[in-house]
Amino acid sequence: MWISNGIYEFLPFHAGVGQASFPSGHTAIVSAFAGILWQRLPKLRILWLVLTVAVMIGLWAANWHWVSDIIAGLALGLLCAKTIGQLLGWNATSAPPTAKC
């Protein structure tokens, strides 16, 4: 509501279409992808971290989300990434498969 009307509202059970912002879907999607890539491409972990933090700062700076929305989106995305990793049989110490000749 802040962007369109300049009004801060928190209506968890009565949010209209396009007004629900908890948790941040943008942060959840980016952190889920980053979490998967973190597990599978560990040499580029700094890149995944920078991209995720850049999105989080951008959402906060543009005043699209409260900090709590962003943190909840981060937690949701990382939980999804961890769950997918476990369902696929990855563990924290396993390296991605390499091609053998």
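Here the structure is a predicted model, which is why all the values come from computation and not from measurement.

Caption draft 1: A look at the overall build of the protein. Broken down by element type, the protein carries four helices and zero strands. Its helices and strands taken in sequence order, the protein reads α-α-α-α from the N to the C terminus. Expressed as a percentage of the 101 residues in the protein, the buried residues total 20%. The long-range share in the protein, meaning contacts at least 24 apart out of those at least 6 apart in sequence, stands at 72%. When the accessible surface of the protein is totalled, it reaches about 7400 Å², and 73% of it is carbon and sulfur.

Caption draft 2: Broad picture of the packing of helix α2 (residues 25–40) against helix α4 (residues 67–87). Interaxial distance between α2 and α4 falls to 7 Å at its minimum, and their mutual angle equals 40°. For the pair α2 and α4, the crossing hand works out as right-handed. Along the contact surface, α2 presents T27, A28, S31, A32, G35, I36 and Q39, while α4 presents I70, G73, L74, L76, G77, L78, A81, K82, I84 and G85. By residue class, the composition of the contact of α2 with α4 is nine nonpolar, seven polar and one charged.

Caption draft 3: Region of interest: the side chain of T27. With respect to the element layout, T27 can be found in helix α2. Judged by its relative accessible area of 1%, T27 falls in the buried class. With sequence-adjacent residues up to four places away left out, T27 is seen in contact with M56, L59, I70, G73 and L74.

Caption draft 4: Up close: the environment of S31. Mapped onto the fold, S31 is located in helix α2. For S31, a relative accessible area of 1% gives the class buried. Separated by 24 residues in the primary sequence, S31 and V55 have C-alpha atoms spaced 9.3 Å apart. Residue contacts for S31: discarding those within four places in its chain leaves T52, G73, L74, G77 and L78. A polar contact of 3.3 Å, which involves the side chain of S31, links it to the backbone oxygen of A28.

Caption draft 5: Spatial organisation of the environment of V30. Mapped onto the elements of the fold, V30 is located in helix α2. On the basis of relative accessibility, which here comes to 24%, the residue V30 falls in the partly exposed class. Taking C-alpha positions, V30 is 8.0 Å from L51, a pair spaced 21 residues apart along the chain.

Caption draft 6: The arrangement of a nonpolar patch on the surface in detail. The grouping of W38, L41, L44, I46, L47, L49, V50, L51, V53 and I57 at the surface amounts to a nonpolar patch, some 870 Å² of accessible area in total. Here the element with the most residues in the nonpolar patch is helix α3 (residues 45–61); it accounts for seven residues.

Caption draft 7: Just α2, in detail. The end-to-end C-alpha separation of α2 is 23 Å, in line with the 22 Å expected for 16 residues at 1.5 Å each. Inspection of α2 places T27, A28, S31, A32, A34, G35 and R40 among the buried residues, and these make up the whole buried set. In this structure, the buried residues of α2 make contact with α3 and α4.

Quick notes on the rules
- The residue numbering used here restarts from 1 in each chain and proceeds along that chain's sequence as written.
- A pLDDT threshold of at least 70 governs which residues receive local features in this predicted model, and a stricter bar of 80 or more applies before side-chain atom pairs are shown or counted, although totals over entire chains, interfaces and linings include all residues.
- Only hydrogens and water are set aside; all other atoms, that is, all heavy atoms of the structure, feed into the side-chain values.
- Secondary structure elements follow DSSP: runs of H or I no shorter than four residues count as helices, runs of E no shorter than two count as strands, and numbering proceeds from the N terminus.
- Only protein chains enter the accessibility calculation, which uses a 1.4 Å probe; a residue whose area is less than 20% of its type maximum is buried, one above 50% is exposed, and one in between is partly exposed.
- Note on contacts: a residue pair is in contact if any heavy atoms of the two residues lie within 4.5 Å.
- Note that accessible areas follow from Shrake-Rupley with a 1.4 Å probe, and for residues the cover is restricted to the protein chains shown.
- Each axis is a line fitted through C-alpha atoms, taken for helices only over the stretch in contact, and angles between the N-to-C directions span 0 to 180 degrees.
- In a left-handed crossing the near helix is turned counterclockwise from the far helix by less than a right angle, and in a right-handed crossing that turn is clockwise.
- Classification used: nonpolar for Ala, Val, Leu, Ile, Met, Phe, Trp, Tyr, Cys and Pro, charged for Asp, Glu, Lys and Arg, polar for all others including Gly.
- Polar contacts, as used here, are pairs of N or O atoms within 3.5 Å; protein pairs need one atom able to donate a hydrogen and one able to accept it. Residues neighboring in sequence count only if both atoms are side-chain atoms.
- Distance thresholds for patches are 9 Å for like charges and 5 Å for nonpolar side chains (Val, Leu, Ile, Met, Phe, Trp, Tyr), applied to residues having over 30% relative accessible area and no salt bridge.
- Any Lys or Arg side-chain nitrogen located within 4 Å of an Asp or Glu carboxyl oxygen qualifies as a salt bridge.
- Multiply 1.5 Å by the residue count of a helix minus one, and that product is the helix's expected span.

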